[in-house]
Amino acid sequence: MAVAFPAGIVLPAFAAFLSVGYLERGCGGFNDAEAVIRDSDQLFYVAEHEMSHTAETLAYVLLVWAAIYAVLLISWKKSHSTHR
């Protein structure tokens with residue numbers, strides 16, 4: 001379980017990071033630095049949106065793990081209190 005917790009946080013966040021689709025959102029086709037500078041507002045907007053999505057995914061993963069640990073802790077306490 002000690003390995004599952006870090007992997008359960010890192011893997012979904014990494015998957016959200018890999019789901020970035022700059023080409024799908026009209027950010028592809030930059031052939032020179034002038035095009036990047038000209039459309040930098042759009043690039044910043046897309047990057048901000050993707051970072052927000054990644055942070056949201058990470059928050060959901062943390063909530064799920066908190067619920068799992070809460071259930072495990074409650075069941076552990078109940079099992080140890082009945083053995084005494």
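See the structure shown above.
Reading the values: the criteria
- Residues numbered from 1 in each chain as written.
- Predicted model: local features only at pLDDT ≥ 70, side-chain atom pairs only at ≥ 80, totals over all residues.
- Heavy atoms only, no water.
- Helix = DSSP H or I, 4+ residues; strand = E, 2+ residues; numbered from the N terminus.
- Buried < 20%, exposed > 50% of the residue type's maximum accessible area, 1.4 Å probe, protein only.
- Contact = heavy atoms within 4.5 Å.
- Areas by Shrake-Rupley, 256 points an atom, 1.4 Å probe, with all protein chains shown as cover.
- Phe/Tyr/Trp six-rings, centres within 6.5 Å; stacked < 30°, edge-to-face > 60°.
- Patch = residues over 30% accessible without salt bridge, like charges linked within 9 Å, V, L, I, M, F, W, Y side chains within 5 Å.
- Salt bridge = Lys/Arg side-chain N within 4 Å of Asp/Glu carboxyl O.

Draft legend 1. Main features of the overall build of the protein. Regarding its fold elements, the protein presents 3 helices and 0 strands. Reading the secondary structure of the protein in the N-to-C direction produces α-α-α. Within the protein, the proportion of its 84 residues that are buried is 15%. Across the protein, the fraction of contacts at a sequence separation of at least 24, relative to all contacts at a separation of at least 6, is 74%. Total accessible area on the protein is roughly 6600 Å²; 68% of this is exposed by carbon and sulfur atoms.

Draft legend 2. Spatial organisation of the packing of aromatic side chains. Counted by the stated rule, this structure contains 1 aromatic pair. Centre to centre, the rings of Trp 65 and Tyr 69 are 5.8 Å apart; their planes meet at 35°, and the pair counts as tilted. With a gap of 4 residues between them, Trp 65 and Tyr 69 both fall in helix H3 (residues 40-82), about one helical turn apart. Take Tyr 69: its relative accessible area is 33%, and that puts it in the partly exposed class.

Draft legend 3. Spotlight on a nonpolar patch on the surface. Taken together, the side chains of Val 64, Ile 68, Tyr 69 and Leu 72 make up a nonpolar region of the molecular surface, amounting to roughly 320 Å² of accessible area. Locating Val 64 in the fold gives a position in helix H3. In this structure Val 64 comes out as partly exposed when scored by relative accessible area, which is 48%.

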